[in-house]
Amino acid sequence: MAQNSRTTDVEPQITARNERLSRRSYLRAAGSLAAATGLALGAVGTAAGDDGDYETITLDSGEDRLVSLEDGETLENVLFDCTAAGARVTIAAHATDWTIRNVGIKGEFDVGAPDAAFGISDLDGGESTIENVYIADGAVHGSQATGETAFWVSPEHNGHIDFRHVNVQNFPDNGIYASAPGGNGGGTVHIDECYAANNYVSNFRIGSAGSAVTNSSVHVDRDGYGGRGIWVWSPGTCEIDNCQLDMNGHNYAIDVGANGNGTSLTVTETDYSSDFHGGLNEKFGSSIEIDDSVGTNPEPEIPDGVPETPEAAASGDEGTSSADTGPSFTWFGF
């Protein structure tokens, strides 16, 4: 797969690998690659506090910064300013029991190749967390059929990841792309109290048995970015509960099954728009069990606690969890 041309401040070996691999492939190996080349990061700057303070890291034009988390590490209270031309950050967490909390990414990614802003997995059967994250400035469409992904969960994921209070918008290759562990690592994800808008291919994409989308909203009103509301791959069974899915005629609100494989889905306490071929699509023997509590008059709103600006996310102003998940530091790549 072709790779975009860019300058970067990381080591030449990493740059060469980036030129040969799509970021999706690269991120699957990011943990071991960072360790092999000395890019695993240490704590720098000041410890993140509970008073709304945060670190701002401003990227230069054309800069491609890699941030890697290892077992038990926390990335917290940081704003990545990617408003310069061609600037982007990649946050890779392929470890266990890690936390990404109070992180804002400012600026539309314009590199245009099939990359991912977050490449993540829990690789030791643990529980990891993504909480209070703003990545709603999005990315431009690439020169290929698809482009940037916001969150990519690698196939090897075998633990559990909680997404909570995430604002993801305007990405051309899925908002939260978490279907790959289904039939592979088998790890689960729970997307709760999150907001997605105008992400092409799909806004939320799950597939491993036990995964769920709850208390969340999807809103699509932008031409060219009108992906599915929720796409459920195999093997399932998965769950949608208390969601508002408004597609404005752009695509299916709920699509189940892919690549010749079916799945099963239960939907409760949810409203979805039916103006695109009825709003539901069952493929390859898939089934959607619709509860009597489900309607077709969605009223999508940004759930309480979801940050509406990158600064609000980084400062933690939106009421995130105060649970102790280990040492909290500001991190950055060189």
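Residues numbered from 1 in each chain as written. Predicted model: local features only at pLDDT ≥ 70, side-chain atom pairs only at ≥ 80, totals over all residues. Heavy atoms only, no water.

1. Quick notes on the overall build of the chain
Formally: Per the convention used, a helix needs a DSSP run of H or I reaching at least four residues, while a strand needs a run of E reaching at least two, with both numbered from the N terminus. Whether two residues are in contact is decided by their heavy atoms, any of which lying within 4.5 Å being enough. Here, Shrake-Rupley sampling with a 1.4 Å probe gives the accessible areas, and only protein chains in the shown set may cover a residue.
For the chain, the count of helices and strands is four helices and 25 strands. For the chain, restricting intrachain contacts to residue pairs at least 6 apart in sequence, the fraction spanning at least 24 positions comes to 79%. Total accessible area on the chain is roughly 12100 Å²; 42% of this is exposed by carbon and sulfur atoms.

2. Quick notes on the pattern of salt bridges
Put simply, the rule reads: What counts as a salt bridge is simple: a side-chain nitrogen of Lys or Arg found within 4 Å of a carboxyl oxygen of Asp or Glu. Remark: exposure states derive from per-residue accessible area (1.4 Å probe, protein chains only) relative to the maximum for the residue type, with buried under 20%, exposed over 50%, and partly exposed in between.
Under the criterion given, the structure shown has eleven salt bridges. Between Arg88 and Glu148 there is a salt bridge, and its shortest N-O distance comes to 2.5 Å. In this pair, Arg88 is assigned in strand 5 (residues 88-95) and Glu148 in the loop between strand 8 (127-135) and strand 9 (149-153), connecting sequence segments 60 residues apart. With respect to class, Arg88 is no different from Glu148; both count as buried. The salt bridge involving Arg164 is made with Glu131; its shortest N-O contact spans 3.0 Å. With Arg164 in strand 10 (residues 160-169) and Glu131 in strand 8, the pair connects residues that are 33 residues apart, well separated along the chain. Taking the relative accessible area as the measure of exposure, Glu131 reaches 5% and is therefore buried.

3. Looking at a negative patch on the surface
To be explicit about the condition: Each patch groups residues whose relative accessible area exceeds 30% and which form no salt bridge, using 9 Å between like charges and 5 Å between nonpolar side chains of Val, Leu, Ile, Met, Phe, Trp and Tyr. Think of it this way: Lys and Arg go in the positive column, Asp and Glu in the negative one, and His and the chain ends go nowhere. Taken as the charge location is NZ of Lys, CZ of Arg, CG of Asp or CD of Glu.
Residues Glu70, Asp71, Asp97, Asp124 and Glu127 make up a contiguous surface patch of negative charge. As for its placement among the helices and strands, Asp97 is situated in the loop between strand 5 and strand 6 (99-106). Judged by relative accessible area, Asp97 falls into the partly exposed class, the value being 39%.

4. Focus: the sheet that holds strand 23 (residues 280-282)
Here is the rule: Between any two strands, pairing holds if DSSP finds at least two bridges.
The nine strands lie next to each other as 3-5-7-9-11-14-17-20-23, forming an open sheet whose pairing is parallel. Both edges of this open sheet fall to strand 3 (64-69) and strand 23, since each of them pairs with a single strand only. Here strand 7 (residues 116-122) runs beside strand 9; their pairing, made up of four bridges, is parallel. If you follow Gly119 over to strand 9, its bridge partner there is Trp152.

5. Considering the side chain of Asp173
This is how it is decided: Nitrogen and oxygen atoms within 3.5 Å of one another constitute a polar contact, given that in protein one can donate a hydrogen and the other can accept it, and given that sequence-neighbouring residues count only through two side-chain atoms.
As for its placement among the helices and strands, Asp173 is situated in the loop between strand 10 and strand 11 (176-177). A polar atom in the side chain of Asp173 sits 2.7 Å from the side chain of Asn174.

6. Digging into the confidence of the model for the chain
Note the threshold: How sure the predictor is of each residue is captured by pLDDT, a score from 0 to 100.
Residues of the chain with pLDDT of at least 70 account for 77%, and the chain-wide mean is 82. Predicted confidence is poor over residues 1-51, with pLDDT under 50, and the contacts of this stretch with residues over four places away or in other chains come to 97 contacts. In the model, residues 319-334 has pLDDT below 50 throughout and makes 50 contacts with residues more than four positions away in sequence or in other chains.

7. With respect to the packing of aromatic side chains
The geometry of an aromatic ring pair is captured by two quantities: the separation of the ring centres and the angle between the planes. What counts, and what does not: When the centres of two rings from Phe, Tyr and Trp lie within 6.5 Å, Trp using its six-membered ring, the rings pair. Their planes under 30 degrees apart give stacked, over 60 give edge-to-face, and anything left gives tilted. A positively charged side chain is recorded as over a ring if its NZ (Lys) or CZ (Arg) lies within 6 Å of the ring centre. The angle to the ring normal must also be within 35 degrees.
Within this structure, the stated rule accounts for five aromatic pairs. Consider the rings of Tyr252 and Phe276, whose centres lie 4.9 Å apart with planes at 90°: the pair is edge-to-face. In this pair, Tyr252 sits in the loop between strand 19 (244-246) and strand 20 (254-256) while Phe276 sits in the loop between strand 22 (271-272) and strand 23, placing the two residues 24 residues apart along the sequence. Among the aromatic residues, those joined into a cluster by ring pairs are Phe118, Phe151 and Phe163. Seen from the ring of Tyr225, Arg222 lies directly overhead, with NZ or CZ sitting 3.9 Å from the centre.

8. Notes on unusual backbone geometry
Glycine aside, negative phi is the norm for most residues, and most peptide bonds take the trans geometry. Omega for the peptide link from Ser234 to Pro235 comes to 5°, which places this bond in the cis form. Relative to the helices and strands, Pro235 resides in the loop between strand 17 (228-232) and strand 18 (238-241). Here the residue pair Gly236 and Thr237 is connected by a cis peptide bond, since its omega of 0° sits within 30 degrees of zero. You can see Thr237 is positioned in the loop between strand 17 and strand 18. Of note in the backbone geometry, Asn77 takes a positive phi value of approximately 55° without being a glycine. Within the secondary structure, Asn77 is located in strand 4 (residues 74-81). With a relative accessible area of 2%, Asn77 lands in the buried category. In this structure, Asn170 is a non-glycine residue whose phi angle is positive, near 65°. Checked against the element boundaries, Asn170 lands in the loop between strand 10 and strand 11.

9. Overview of the pairing of strand 21 (residues 264-268)
Side chains Leu265 and Val267 of strand 21 all project onto a buried face; the interleaved residues Ser264, Thr266 and Thr268 project onto a face where none is buried. For strand 18 and strand 21, the ladder comprises four bridges, and the chain directions are parallel. By the bridge assignment for strand 21, Ile240 is matched with Val267. Pairing analysis gives four bridges linking strand 21 to strand 24 (residues 287-290), with the strands arranged parallel. The partner of Leu265 across the bridge, within strand 24, is Ile288.

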